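# Architecture and fold: a report
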Amino acid sequence: MECIFCKIVRGEIPCAEVYSDDSILAFLDIAPISKGHTLVIPKEHYDNLFDMPDEVGNHLLKVMQKVGSAIMKATGATGINVVMNNYPSAGQVIPHAHWHLIPRIEGDGLFRVKQGKYDSNDEMLTLANKIKENV
Ligand code: 5GP
Ligand code: ZN
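Below is a short write-up of the structure.

## Digging into the pairing of strand S1 (residues 17-20)
Successive side chains on a regular strand alternate, one facing one side of the sheet and the next facing the other. Bridge count between S1 and strand S2 (residues 24-28): 3 bridges; the pairing is antiparallel. Paired with Glu17 across the two strands is Phe27, which belongs to S2. Where S1 folds back onto S2 in an antiparallel hairpin, the turn is made up of 3 residues.

## What to know about the coordination of the zinc ion (ligand 2)
Taken together, the protein ligands of the zinc ion (ligand 2) are Cys3 (SG), Cys6 (SG), His45 (ND1) and His96 (ND1), with distances of 2.1 to 2.3 Å. Here the donor residues of the zinc ion (ligand 2) share one chain and are spaced in sequence as C-x2-C-x38-H-x50-H. You can see Cys6 sitting in helix H1 (residues 4-9) and its partner His45 sitting in the loop between strand S3 (38-42) and helix H2 (54-75), a full 39 residues away along the chain. For His45, a relative accessible area of 33% corresponds to the partly exposed category.

## Looking at the environment of Pro53
Following the sequence through the fold, Pro53 ends up in the loop between S3 and H2. The partly exposed category is assigned to Pro53, whose relative accessible area is 26%. Distance in space between the C-alpha atoms of Pro53 and Gly36 is 28 Å, their sequence separation being 17 residues.

## Section: the sheet that holds S3
Reading across from one edge, S1-S2-S3-S5-S4 is the order of the 5 strands in this open sheet, with antiparallel pairing throughout. On the outer flanks of this sheet lie S1 and strand S4 (79-83), each paired with one strand and no other. Strand-to-strand twist in this sheet, taken as the mean axis angle between neighbours without regard to direction, amounts to 20°. Alignment of S4 against strand S5 (residues 99-104), held across 5 bridges, turns out to be antiparallel. Within S5, the position partnered with Ile80 by the bridge is Pro103. Strands in contact with H2 are S1, S2, S3, S4 and S5; relative to S5, the strand with the most contacts, it is inclined by about 25°.

Reading the values: the criteria
- Residues numbered from 1 in each chain as written.
- Chains lettered and ligands numbered in written order.
- Predicted model: local features only at pLDDT ≥ 70, side-chain atom pairs only at ≥ 80, totals over all residues.
- Heavy atoms only, no water.
- Pairing = 2+ DSSP bridges.
- Helix = DSSP H or I, 4+ residues; strand = E, 2+ residues; numbered from the N terminus.
- Donors = N, O, S within 2.8 Å, 3.2 Å for Na, K, Ca; no water.
- Buried < 20%, exposed > 50% of the residue type's maximum accessible area, 1.4 Å probe, protein only.
- Axes fitted to C-alpha atoms, helices over the stretch in contact; angles between N-to-C directions.
- Contact = heavy atoms within 4.5 Å.

Written as structure tokens, this is what we have:
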């Protein structure tokens, strides 16, 4: 199946564009969590965060800052969530790396992910060490 976001980059599917340069495109999500919800994508196809090359990183950060502030100005939002889903188990539906910029307003009640706790401090430190060993 052809990638929907690659089709949007090539102009084969229309989008409500908010920013474009040589390597990055940003456009409104068709099913917004809040109005102004924007997707920022590299124009080159990468499946997710883990197959993106280093050189995309710096520029992408700058674009997210620029587009994020513009969204806040245009919508009157007082906060913004930056979310990236990687792999289907984390909710990634479109396998073309993308960041969600979701404008928020105090008390909008949209989402706050439920947090849990470790059974013990020992469990927490053991897991931290296991991750450290895998870095
Ligand atoms: P994911 O769940 O993969 O992180 O997010 C994919 C996002 O792409 C969803 O929020 C969905 O609403 C959005 N989306 C899917 N198809 C299209 C489309 O054709 N155009 C636009 N603008 N957004 C889309
Ligand atoms: Zn793609």
